[in-house]
Amino acid sequence: MSAMPSDSDVSAAVVQRLVGFYESLAPENLAQLGDYYAADAFFKDPFNEVRGVADIRAIFAHMFETLQEPRFIVTQQLVQGDRAALEWEFRFRFRSWNAQAPQCIYGASLLRIDSHGRVAQHRDYWDAAEELYEKLPAIGLLMRWLRRNASVKR
């Protein structure tokens, strides 16, 4: 007779399913977002703060409209109870600027999973200044100058 899975085992399986979804995210599977997110899920990243599957779907749809070949690669995951932390690489190319150059943003997501195995809260953390602004032509020059002049001199 096998033992019942613990809450953390169930959450680990849910998170593994989520990781598979994130890593295979494509415009054609955005309609499935409600299978992974609670109807009133909260999402926040450096640019957005929304509630609800429709608004979260709009963020991902905008990503596909504005970037070429966006994809997530989850490199680490920690699961404890109903909480998960994912480290990831977000790879893409800009559509309108320097389109031939591959880009990569390193970040992390903190998730809370509800009792139905869906994401109730999703908070992304990444450094917009280092990972994005410094790569843009005009603002990048300013951001690199600020970083150089604000850092400790050795």
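Everything discussed here concerns the structure shown above.
Conventions used here
- Residues numbered from 1 in each chain as written.
- Predicted model: local features only at pLDDT ≥ 70, side-chain atom pairs only at ≥ 80, totals over all residues.
- Heavy atoms only, no water.
- Phe/Tyr/Trp six-rings, centres within 6.5 Å; stacked < 30°, edge-to-face > 60°.
- Buried < 20%, exposed > 50% of the residue type's maximum accessible area, 1.4 Å probe, protein only.
- Pairing = 2+ DSSP bridges.
- Helix = DSSP H or I, 4+ residues; strand = E, 2+ residues; numbered from the N terminus.
- 1 Å grid on protein atoms, 1.4 Å probe; cavity = no way out; pocket = protein on both sides within 12 Å on 5 of 7 lines; lining within 4 Å.
- Points joined across faces, edges and corners; volume = space filled by probe spheres on them.
- Nonpolar A, V, L, I, M, F, W, Y, C, P; charged D, E, K, R; others polar.
- Expected span 1.5 Å × (residues − 1).
- Arc of directions from axis to C-beta.
- Contact = heavy atoms within 4.5 Å.

Undergrad: Would you mind going over the packing of aromatic side chains with me for this structure?
TA: Both the distance between ring centres and the angle between the ring planes are used here to describe each pair of aromatic rings. A full pass over the atoms with the stated rule returns eight aromatic pairs. Judged by centre distance (5.3 Å) and plane angle (85°), the rings of Phe92 and Phe94 are edge-to-face. Here Phe92 and Phe94 have matching classes, each one buried. Through successive ring pairs, a cluster of aromatic residues spans Phe72, Trp88, Phe90, Phe92 and Phe94.

Undergrad: I keep staring at the pairing of strand β1 (residues 37–44) and nothing clicks. Help me out?
TA: Pairing of β1 with strand β6 (residues 119–125), which is carried by four bridges, proceeds in the parallel orientation. Looking at the pairing, Tyr37 lines up with Val119 of β6. As paired elements, β1 and strand β2 (residues 49–51) share three bridges and run antiparallel to each other. The residue bridging Phe43 from the neighbouring strand is Val50, located in β2. Two successive antiparallel strands, β1 and β2, enclose a turn made up of four residues.

Undergrad: Sorry if this is basic, but what is going on with the layout of surface pockets here?
TA: Which parts of space are left empty comes out when a probe the size of a water molecule is rolled across the atoms. Of the volumes computed, that of the largest pocket is approximately 470 Å³. Along the walls of the largest pocket sit 19 residues, with Asp45, Phe47, Met63, Phe90 and Trp126 positioned nearest its centre. At the level of secondary structure, the elements contributing two or more residues to the lining of the largest pocket comprise α2 (53–66), β3 (67–80) and β4 (83–94). Counting residues per element, the lining of the largest pocket draws most heavily on α2, at five residues. Considering only residue class, the lining of the largest pocket consists of 14 nonpolar, three polar and two charged.

Undergrad: What am I meant to see in α2 here?
TA: Think of an α-helix as turning once every 3.6 residues; residues three or four places apart then point the same way. In this model α2 runs 20 Å from its N-terminal to its C-terminal C-alpha over 14 residues, within 8% of the 20 Å that 1.5 Å per residue would give. Those residues of α2 that sit buried are Val53, Ile56, Ile59, Phe60, Met63 and Phe64. End-on view of α2: buried residues confined to an arc of 135°, all on one side of the axis. In this structure, α2 carries Ala54 and Glu65 as exposed residues pointing more than 90 degrees from its buried face. Buried residues along α2 sit in contact with β1, β2, β3 and β4.

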